[in-house]
Amino acid sequence: MSKRVERRLRLRRRNDVGRGLAKMNPKMMQELGITDTLEVVIAGKKRYRFRVLSDENVPEREVWCNDEELREYGIADNTIATCRAPLK
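Quantities reported herein were computed from a predicted structural model and do not represent experimental measurements.

1. Comments concerning the packing of aromatic side chains
Within the structure shown, the criterion is met by 1 aromatic pair. Considering the side-chain rings of Y48 and Y73, the 4.2 Å spacing of their centres and the 15° angle between planes classify their relative orientation as stacked. Remark: Y73 occurs in helix α2 (residues 67-73) and Y48 occurs in strand β4 (residues 46-54); sequence separation between them is 25 residues. Looking at Y73, the relative accessible area reads 29%, which means it is partly exposed. Sitting over the face of the ring of W64, R14 holds its NZ or CZ atom 3.8 Å from the ring centroid.

Shown next as structure tokens:
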């Protein structure tokens, strides 16, 4: 059984990202095997899914998400979270 690749990445609040979307660096998306959906796990308890868009402007170790949406979920800016491709 193969293991899923996951990384601890920094979540950033951004106003220019739509609700339900996340922006990631294309190199990190390829490393994690992410094509269209991202699973974010915070502290092993809170689990969220976002549709992901590729953006070269995003630093490799960051994921940009919608400011209002993260605020509703109770996620602070600069939070470290486990990011991985979801099981199909």
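2. Some thoughts on the sheet that holds strand β6 (residues 79-84)
Judged by pairing direction, the barrel is mixed, and its 6 strands sit side by side in the order β1-β5-β2-β4-β3-β6 before closing back on the first. The sheet shows a mean angle of 45° between the axes of neighbouring strands, direction not considered.

3. A few points about the nonpolar core
With 21 residues, the main nonpolar core has L11, M24, I34, L38, V40 and V63 as its most contacted residues. Among the secondary structure elements, those contributing two or more residues to this core are β1 (6-14), β2 (21-24), α1 (26-32), β3 (37-42), β4, β5 (62-66) and β6.

4. Focus on the environment of E60
Mapped onto the elements, E60 comes out in the loop between β4 and β5. Distance from E60 to M29, taken between C-alpha atoms, is 9.1 Å for residues 31 residues apart in sequence. Filtering out sequence-adjacent residues up to four positions away, E60 remains in contact with L9, N25, K27 and M28.

5. What to know about the pattern of salt bridges
Oppositely charged side chains can form a pair if their charged atoms are brought close together. Tallying each qualifying case throughout the model produces 13 salt bridges. One salt bridge connects E68 with R71, and the closest N-O pair in it is separated by 3.4 Å. Taken together, the residues E68 and R71, both in helix α2 and 3 residues apart, mark about one turn of the helix. The class for E68 is partly exposed, based on a relative accessible area of 43%. One connected set of salt bridges, linked through shared partners, spans R4, E6, E39, R49 and R84.

6. A word on the side chain of T82
If you trace the backbone, T82 turns up in strand β6. A polar contact of 3.3 Å, which involves the side chain of T82, links it to the side chain of R8. If sequence neighbours within four positions are ignored, T82 has contacts with E6, R7, R8, E39, V40 and V41.

Conventions and cut-offs
Throughout this description, residue numbers start from 1 for each chain and increase along the sequence as written. Where totals are concerned, whole chains, interfaces and linings use all residues; where local detail is concerned, this predicted model gives features only for residues with pLDDT of at least 70, and gives and counts side-chain atom pairs only at 80 or more. Computation of side-chain values covers all heavy atoms of the structure but excludes hydrogens and water. We call Phe, Tyr and Trp rings a pair once their centres come within 6.5 Å, taking the six-membered ring for Trp, and we label the pair stacked below 30 degrees between planes, edge-to-face above 60, and tilted otherwise. Labels follow the DSSP assignment, with helices taken as runs of H or I lasting at least four residues and strands as runs of E lasting at least two, numbered in each case from the N terminus. Categorising residues by exposure relies on relative accessible area from a 1.4 Å probe, with only protein chains included: less than 20% of the type maximum marks a residue as buried, more than 50% marks it as exposed, and the intermediate range marks it as partly exposed. The rule is short: NZ of Lys or CZ of Arg within 6 Å of the ring centre and within 35 degrees of the ring normal puts a charge over the ring. At least two bridges found by DSSP between two strands are what make those strands a pair. Interaxial angles span 0 to 180 degrees and are taken between N-to-C directions of axes, which are lines fitted to C-alpha atoms, for helices over the stretch in contact. Definition used in this section: a nonpolar core is a set of buried Ala, Val, Leu, Ile, Met, Phe, Trp, Tyr and Cys residues joined via side-chain atoms within 4.5 Å. The contact definition used throughout considers only heavy atoms, calling two residues in contact when any of these lie within 4.5 Å. Between Lys or Arg on one side and Asp or Glu on the other, a salt bridge is scored when a side-chain nitrogen of the former is within 4 Å of a carboxyl oxygen of the latter. Polar contact is defined as a pair of N or O atoms within 3.5 Å, subject to the rule that within protein one atom must be able to donate a hydrogen and the other to accept it, and that residues adjacent in sequence are counted only when both atoms are side-chain atoms.

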